[in-house]
Amino acid sequence: MITIRMLSLWATLLYLILLFLGFLAVRIWWFYPQELEIVRTYQEHEIRMIHRQLEQKSEHLLAFAVDYARWDDTYEFVAQDLPMNADHRYVRTNFIVDTMINLDIQHVLLANDQGELRLSMRHLLDSGEIQRSLPSLEQWLTEQIRSGSLHFAAQPTSFQHIDGETYILAVAAVLRSDGSGDIRGYLLMVRRVDDSFWGALSYGQHLKIIASHNPPANCQPLYSRLDAAQQQHQRCLMDVFGRPSIMLTFDHGSSLPPLFKPAVFGSFLVLALLPSLLFFVFLKAIITPIVHATNHLRDNRRQGEFSPIRFSAPFKIKELVELKNSYNAVVQEINRQKSQLLEMSNTDRLTGIHNRRYFDEALLNTWQRLQRHSDGMALVLCDIDYFKRFNDHYGHIAGDEALRLVAQALSNCARRADELTARYGGEEFILITYVRNHEELFNLQQRIKDVIAQLHISHGFSDASDHLTLSAGIAWIPSPDRWLDSLQPQGWVEAADQALYEAKNSGRNRSVVRVINSPADCPAVSQAPQ
């Protein structure tokens, strides 16, 4: 159990904990979210800067594609019925290796408006060779033209993952230099994207970009808003169909602010010191009277009673004085009600003698006393003869009065403090009294008969007599000993009940005795469990 001194210490610690939790709560739900929002805004700005650079590179590549596509030479070349990659002056003069290296373009594809390829070139920057472009790029362009979908018309630039590599694609319609005439075909320029490309984008920023293919279908576009500040964010570049094609993982490094800062702990210590001292002094001033009251209550609990609190010195604190007075008033009321309830719970309301509940408790005590001592005792179970007829003809009021008179008469037959008279139920009464020999047993039988006869209660409807009588069954244990350990006290009651049954069958208005000298004299159901 905790003492009042320990309680004061725990209260102080609890105050410090609550104060710390308050600081922590303000930090977590007020200041820290603001810091995270600042970081989120900065991270979003970083990603948008990357997005803007990608747009610029895509627009730069598209500008080259438009310059080549909106040109009279390209317009005339694509209209000619020439084989793919024909040795033509237009090709030799415009798509040389040095030019492609300067423009950082690895693939150039040109097809007419029927989807027939006129040019499919791949520039190997390392060796300077020119080869035919990738079949997957050729298929992508020709299928777009032949199907008539032309998704690149709405989105002329896109990022695609093709044959294990990432590319920027820019498509421009072939027109005359002044932009007139019908569209005769489409020019596709492709720029390869490698790790150095992403490293160049994030140079000078605390940001690392990792590109991967096969992104999830629900991947957010690069331009979408960030929901929260995180160590990493994942966004996707979209293809011409609006589907995720390249997933970019942005690692922002150690840009998240720490939740705990030294300043938080410093502020907590400063604010916690003075209130803690004041709180401790206040508790110290009231510890003595509270400890005294606590000890008094502990003694009451140990003794099983309620007694008023009394102090040798008067209280100095108003609230404690009121507490003492209120408690003492409650104790007085509890003790008064306890006495009343105890008396009511053990007393039969009609007859004023003990009830069945009290008898059951007294029976166990008496049985234990029999097992320890050698004095003989008798249990007498009485039943008023033909009481139902009495009630039916004289009325319940007269019947209740008769029960009260019989109860008071029988109580005179058990006068010792450790003897008992109780109402067993209905018109049945039960007595436990000392009977040491046959003479006392005979006197008990005669006394019970006499006290009922002296009541002079008329009963004209009884077959046993013209006045009220009763039958009694007596179970007498003349010489109790350790053999009682093998029996249950209820067997004593059952033996008296059987004797009462014999008295009724013998004509009533009499008593029958059953002497119990051994376990065999008790009913079998009364044997104690082995």
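The rules we used
- Residues numbered from 1 in each chain as written.
- Predicted model: local features only at pLDDT ≥ 70, side-chain atom pairs only at ≥ 80, totals over all residues.
- Heavy atoms only, no water.
- Axes fitted to C-alpha atoms, helices over the stretch in contact; angles between N-to-C directions.
- Helix = DSSP H or I, 4+ residues; strand = E, 2+ residues; numbered from the N terminus.
- Parallel < 35°, antiparallel > 145°, perpendicular 65-115°, else oblique.
- Contact = heavy atoms within 4.5 Å.
- Nonpolar A, V, L, I, M, F, W, Y, C, P; charged D, E, K, R; others polar.
- Patch = residues over 30% accessible without salt bridge, like charges linked within 9 Å, V, L, I, M, F, W, Y side chains within 5 Å.
- Areas by Shrake-Rupley, 256 points an atom, 1.4 Å probe, with all protein chains shown as cover.
- Salt bridge = Lys/Arg side-chain N within 4 Å of Asp/Glu carboxyl O.
- Buried < 20%, exposed > 50% of the residue type's maximum accessible area, 1.4 Å probe, protein only.
- Disulfide = S-S within 2.5 Å.
- Arc of directions from axis to C-beta.
- Pairing = 2+ DSSP bridges.
- Core = buried A, V, L, I, M, F, W, Y, C linked by side-chain atoms within 4.5 Å.

Enquirer: Tell me about the packing of helix 10 (residues 387-394) against helix 11 (residues 396-411), and name the residues and values.
Expert: The N-to-C vectors of helix 10 and helix 11 enclose an angle of 135 degrees; their axes lie 6 Å apart at closest approach. With respect to helix 11, the element helix 10 is oriented oblique. Along its contact with helix 10, which presents Phe 387, Phe 390, Asn 391 and Tyr 394, the element helix 11 presents His 396, Ala 398, Gly 399, Ala 402 and Leu 403. Residue composition of the contact of helix 10 with helix 11, by class: 6 nonpolar, 3 polar and no charged.

Enquirer: Account for a nonpolar patch on the surface, naming residues and giving values.
Expert: Where nonpolar side chains cluster on the molecular surface, the patch consists of Met 6, Leu 9, Trp 10, Leu 13, Leu 14, Ile 17, Leu 18 and Leu 21 and spans about 750 Å² of accessible area. Looking at Leu 18, the relative accessible area reads 52%, which means it is exposed.

Enquirer: Can you explain the state of the cysteines? Please cite residues and give values.
Expert: Counted according to the given criterion, the structure contains 1 disulfide. The disulfide partner of Cys 219 is Cys 236, and the S-S distance across this bridge is 2.0 Å. Negative torsions about the S-S bond denote left-handed disulfides, and the value of about 100 degrees found for Cys 219 with Cys 236 makes this one right-handed. Here Cys 236 lies in strand 8 (residues 232-238) and Cys 219 lies in the loop between strand 7 (208-212) and strand 8, a separation of 17 residues in the sequence. We classify Cys 219 as buried; its relative accessible area is 10%. Look at Cys 236 and you get buried, because its relative accessible area is 1%. Cysteine Cys 382 is unpaired, with the sulfur of Cys 413 as its nearest cysteine sulfur at 8.1 Å. Accessibility expressed as a relative area gives 3% for Cys 413, which makes it buried.

Enquirer: So what about helix 10? Which residues, and what values?
Expert: Within the span of helix 10, buried status applies to Phe 387, Phe 390 and Asn 391. For helix 10, the angular spread of buried residues about the axis comes to 95 degrees, placing them on one side. On its buried face, helix 10 sits against strand 10 (377-384) and helix 11. Directly after helix 10, the chain includes Gly 395, whose backbone phi takes a positive value near 95 degrees.

Enquirer: Describe the sheet that holds strand 8, naming the residues involved and giving the relevant values.
Expert: The 3 strands lie next to each other as 7-9-8, forming an open sheet whose pairing is antiparallel. Unpaired on one side and paired on the other, strand 7 and strand 8 mark the two borders of the sheet. This sheet shows a mean twist of 25 degrees between the axes of neighbouring strands, independent of strand direction.

Enquirer: Could you give an account of the nonpolar core, with specific residues and numbers?
Expert: Leu 54, Met 189, Trp 198 and Leu 248 are the most contacted members of the largest nonpolar core, which has 41 residues in total. Sorting elements by how many residues they give to this core places helix 1 (residues 4-69) first, with 9 residues. Discounting residues that sit within four places of it in the chain, Met 189 has contacts with Leu 61, Phe 64, Ala 65, Tyr 68, Ile 105, His 107, Val 108, Ile 168, Leu 169 and Ala 170.

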